[in-house]
Amino acid sequence: MSQTIKAQTVKTQKLKVLIIGAAFSADLHLDAYSRIRDKAQITGICDKNSGRIDTLALHYGLDDINKYDDYETAINVCDCDLVDICVPNFLHYPVAMAALKKGRHIICEKPLATILENGVEMIAFAQKAGKKIYYAEDWLCAPAIRKALSIIESGKLGKLLYVRCRECHNGSHSPFAQTLEYCGGGSMLHMGVHPAGFLLAIRDGKWKELTAMCSGGMENNLLHKKLEGEDWGAAIIRFEDGFYALLEGNYVSEGGMEDVIDFYCSDGCLHLDLTFSSAISAYSKNGLEYTVEKADITAGWSRPAVDEKYNLGYTAEIEHFVDCALEDRDAQKGMRGIDGLEALRIIKMIYKSAAEGRVIRNQDAG
């Protein structure tokens, strides 16, 4: 007996995304969305500078998006499932609350907020509303880091004892990064938040104590004397299981952004360089158009990035969030709203340790 099997067409649901902000972070995220057009549809972009929206729309072939110049209007009228927050730090909290109150999931760039209490309110409201906050910690999605963690988890290097990690470059050019009112902190909050969030994720957030030092801002800075926040900061953290970590964030590193992690184990070690690990070596008398982020000079020998946004984790990060939102589930550990809150909390404790010149213990962190 023969059977006729009829082909069934399965309609794939797409996540509708509204992006608030059309500057640097929005470009990073849009590059990732452009690779998963079968899963996500950009229905709107909001920015007070319409020219920035037009530039992104042209670059990524977004012909049918809605354009807005006010985030409250955009959130209220745009047909979307998720709001992707790519605005300066001080706007993370009000934009997030507006989106959550409208019943949207959100992606929030780091830091979660500039004020810890605002972050606490965001998490509490999202939980009450049954909405998800996805915290954009790209380090956890970087292919090199994922590979390194899989090697460590295999046990072939023995017990993980100590990690040293840093993110550094020569300073933010954004006017919103110059004053504490708008940015909430200096290089430790902007740069050190990545290694902080990463370390908390791989040790289940179980830190015991920390001690830190930071340049003092303004005339006390190493280099950037007009910057209200610090241009250098470092912290040593001890975790409950005896694991130690050293993290650093600075604005005094010339030549391009440094994302470096060193893992030291009982039977081996791993050394990762996320930004200068290109397979290409180039020499140019005239200078290349682009090599790596924050490299001001591209003449002479350089290591041009092959697919920088992919290698830094943005591609996998956004796809993970889209998949989670479509299934109405939390992100992986380290990329949930609560993880962003804990990263912000430990950065605030680093500032407290630096200011008071003493060890801060977890039970005193509040």
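Further up the page is the structure itself.
Described below are features of the structure shown in this document. (Residues numbered from 1 in each chain as written. Predicted model: local features only at pLDDT ≥ 70, side-chain atom pairs only at ≥ 80, totals over all residues. Heavy atoms only, no water.)

### Side note on the packing of helix α9 (residues 193-202) against helix α12 (residues 337-356)
Part 1 of the reasoning: Two numbers describe how α9 lies on α12: the axes approach to 9 Å, and their chain directions differ by 120 degrees. As for the relative orientation of α9 and α12, their crossing is right-handed in sense. Of the residues in α12, those in contact with Val-193, Ala-196, Gly-197 and Leu-200 of α9 are Glu-342, Ala-343, Ile-346 and Ile-347.
Part 2 of the reasoning: A class-by-class count of the residues in the contact of α9 with α12 yields six nonpolar, one polar and one charged. (Axes fitted to C-alpha atoms, helices over the stretch in contact; angles between N-to-C directions. Helix = DSSP H or I, 4+ residues; strand = E, 2+ residues; numbered from the N terminus. Left-handed = near helix turned anticlockwise from the far one by under 90°. Contact = heavy atoms within 4.5 Å. Nonpolar A, V, L, I, M, F, W, Y, C, P; charged D, E, K, R; others polar.)

### Notes on the pattern of salt bridges
Part 1 of the reasoning: For the coordinates displayed, the defined rule picks out 20 salt bridges.
Part 2 of the reasoning: A salt bridge links Arg-345 to Glu-342; the nearest nitrogen and oxygen atoms lie 3.3 Å apart. One end of the pair, Arg-345, and the other, Glu-342, are both in helix α12, three residues apart, so they sit about a helical turn from each other.
Part 3 of the reasoning: In this structure Glu-342 comes out as partly exposed when scored by relative accessible area, which is 31%.
Part 4 of the reasoning: Through salt bridges with shared partners, one network takes in Asp-31, Arg-35 and Asp-307. (Salt bridge = Lys/Arg side-chain N within 4 Å of Asp/Glu carboxyl O. Buried < 20%, exposed > 50% of the residue type's maximum accessible area, 1.4 Å probe, protein only.)

### Description of the packing of aromatic side chains
Part 1 of the reasoning: Under the criterion given, the structure shown has nine aromatic pairs.
Part 2 of the reasoning: Relative to Trp-301, the ring of Tyr-283 has its centre 5.5 Å away and its plane inclined at 55 degrees; by these criteria the two rings are tilted. Of the two residues, Tyr-283 sits in strand β13 (residues 282-284) while Trp-301 sits in strand β14 (residues 300-302), which places them 18 residues apart along the sequence.
Part 3 of the reasoning: Among the aromatic side chains, those forming a connected cluster through ring pairs are Phe-90, Phe-176 and Tyr-182. (Phe/Tyr/Trp six-rings, centres within 6.5 Å; stacked < 30°, edge-to-face > 60°.)

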